[in-house]
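Structural overview for review
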Amino acid sequence: MNILALETSQPHASLCLSRDGETVFSASWEAERNHDAYLFPALEKALAYPEAAELHTVLVGSGPGSYGGVRVALAAAVGVSTVRGGRVVAFGSWEPFAAPGLSIISDARRNGWTVRRPDGCIEVLSAEQVRALPPPVASVEQAETLAAAGISVQQAGLIPTAEALVRAWLALPVEQQEALAAKPAEPIYVRPPHIVPAKRKPWEIRHG
């Protein structure tokens, strides 16, 4: 099984190509608002490997995190899927960190904090509500950001990676993989998106 994974939900981003769970190629980079400048050169190198000639899955870390970063990865994934095959699947970037009883948080801006509950539910809470979360709590934010908000966690600075995304995906039961693959590949919206779903995807060709 050949899997290409893209993780661009955070400034530290990565890509990996794996065959049967073994990493064939990986790359990582630091980017804020210009993931495309780094993603496509890494993608070109990955696609030169024989394992990329026929892909089973193109896995995209769907966040929470940078909406723009995830959208760039999804657009690239659709292009790769069109040429090399493989279904495009959006998979939560924090899923590799999931553990019994663990809540994961990040700054959602606008006086809110994104929280992934231990049951997988994602919501936006106030800083006061986050401070009241029972331990353990972990975060993708750095310790200084959390300290400025008066929030204490057991682990700070979690970094989602493409390789961890693949491992978490392969650990899922097949039926759960199929259920996730059947869903639209889109970013995780921590707040309702103020957009109207397109009647037709931009890459779909109109005939007749």
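Higher on the page you've got the structure.
Before going into details, it helps to say that this report is about the structure given with it. (Residues numbered from 1 in each chain as written. Predicted model: local features only at pLDDT ≥ 70, side-chain atom pairs only at ≥ 80, totals over all residues. Heavy atoms only, no water.)

**Considerations on the nonpolar core**
Note on soluble globular proteins: their nonpolar side chains tend to be buried together. Ranked by internal contacts, the top residues of the largest apolar core, which has 25 residues, are Leu-4, Leu-6, Leu-15 and Leu-43. Those elements giving two or more residues to this core turn out to be β1 (2-7), β2 (12-19), β3 (22-30), α1 (35-46), β4 (57-61) and α2 (67-84). Residue contacts for Leu-43: discarding those within four places in its chain leaves Leu-4, Leu-6, Leu-15, Ala-76 and Val-80. Judged by nonpolar contacts, the second largest core, of 13 residues, contains Cys-16, Val-89, Phe-91 and Ala-162. (Core = buried A, V, L, I, M, F, W, Y, C linked by side-chain atoms within 4.5 Å. Buried < 20%, exposed > 50% of the residue type's maximum accessible area, 1.4 Å probe, protein only. Helix = DSSP H or I, 4+ residues; strand = E, 2+ residues; numbered from the N terminus. Contact = heavy atoms within 4.5 Å.)

**Topic: the sheet that holds β2**
As summarised here, the arrangement of the 5 strands in space is β3-β2-β1-β4-β5, forming an open sheet in which the pairing is mixed. Edge strands, defined here as strands with exactly one partner in the open sheet, are β3 and β5 (87-91). Neighbour-to-neighbour, the strand axes of the sheet open up by a mean angle of 15°, direction not taken into account. Of the pairings in the sheet, the one linking β1 to β2 comprises 6 bridges and is antiparallel in character. By the bridge assignment, Leu-4 is partnered in β2 with Leu-17. Against the sheet, α2 contacts β1, β4 and β5, and its axis sits at roughly 175° relative to β4. Lying on the sheet, helix α5 (residues 162-170) is in contact with β1, β2, β3, β4 and β5; it crosses β1 at an angle near 130°. (Pairing = 2+ DSSP bridges. Axes fitted to C-alpha atoms, helices over the stretch in contact; angles between N-to-C directions.)

**Concerning the sheet that holds strand β7 (residues 112-116)**
With mixed pairing, the 4 strands of this open sheet are ordered in space as β8-β7-β6-β9. At either end of the open sheet lies a strand with only one pairing partner, and these are β8 (122-125) and β9 (137-139). Taken over all neighbouring pairs, the strand axes of this sheet differ in orientation by 35° on average, direction set aside. Across 5 bridges, strand β6 (residues 103-109) lies against β7 in antiparallel orientation. Each bridged residue has a counterpart across the sheet, and for Arg-109 the counterpart in β7 is Gly-112.

**Observations regarding the environment of Ser-152**
Note that Ser-152 resides in the loop between α4 (143-148) and α5. You can call Ser-152 exposed: its relative accessible area is 64%. Along the primary structure Ser-152 and Ala-52 are separated by 100 residues, whereas in three dimensions their C-alpha atoms are 43 Å apart.

**Remarks on the pairing of β1**
The element β1 is extensively covered by neighbouring structure, given that 6 of its 6 residues are classed as buried. The alternating pattern of β1 places Asn-2, Leu-4 and Leu-6 and Ile-3, Ala-5 and Glu-7 on opposite faces, both of which are buried. Between β1 and β2, which pair antiparallel one after the other, the connecting turn spans 4 residues. Pairing between β1 and β4: 4 bridges, direction parallel.

**Notes on α5**
Looking only at α5, the buried set comprises Ala-162, Ala-164, Leu-165, Val-166, Ala-168 and Trp-169. Where α5 is buried, its residues meet β1, β2, β4, β5 and α6 (174-181).

**Things to note about the packing of aromatic side chains**
This model, assessed by the stated rule, comprises 3 aromatic pairs. An angle of 40° between the planes, with centres 5.5 Å apart, marks the rings of Phe-25 and Tyr-49 as tilted. Of this pair, Phe-25 sits in strand β3 while Tyr-49 is found in the loop between α1 and β4, placing the two residues 24 residues apart along the sequence. Look at Tyr-49 and you get partly exposed, because its relative accessible area is 32%. Each ring, one from Phe-91 and one from Trp-169, has its centre 5.4 Å from the other, and the planes form 75°; the classification is edge-to-face. (Phe/Tyr/Trp six-rings, centres within 6.5 Å; stacked < 30°, edge-to-face > 60°.)

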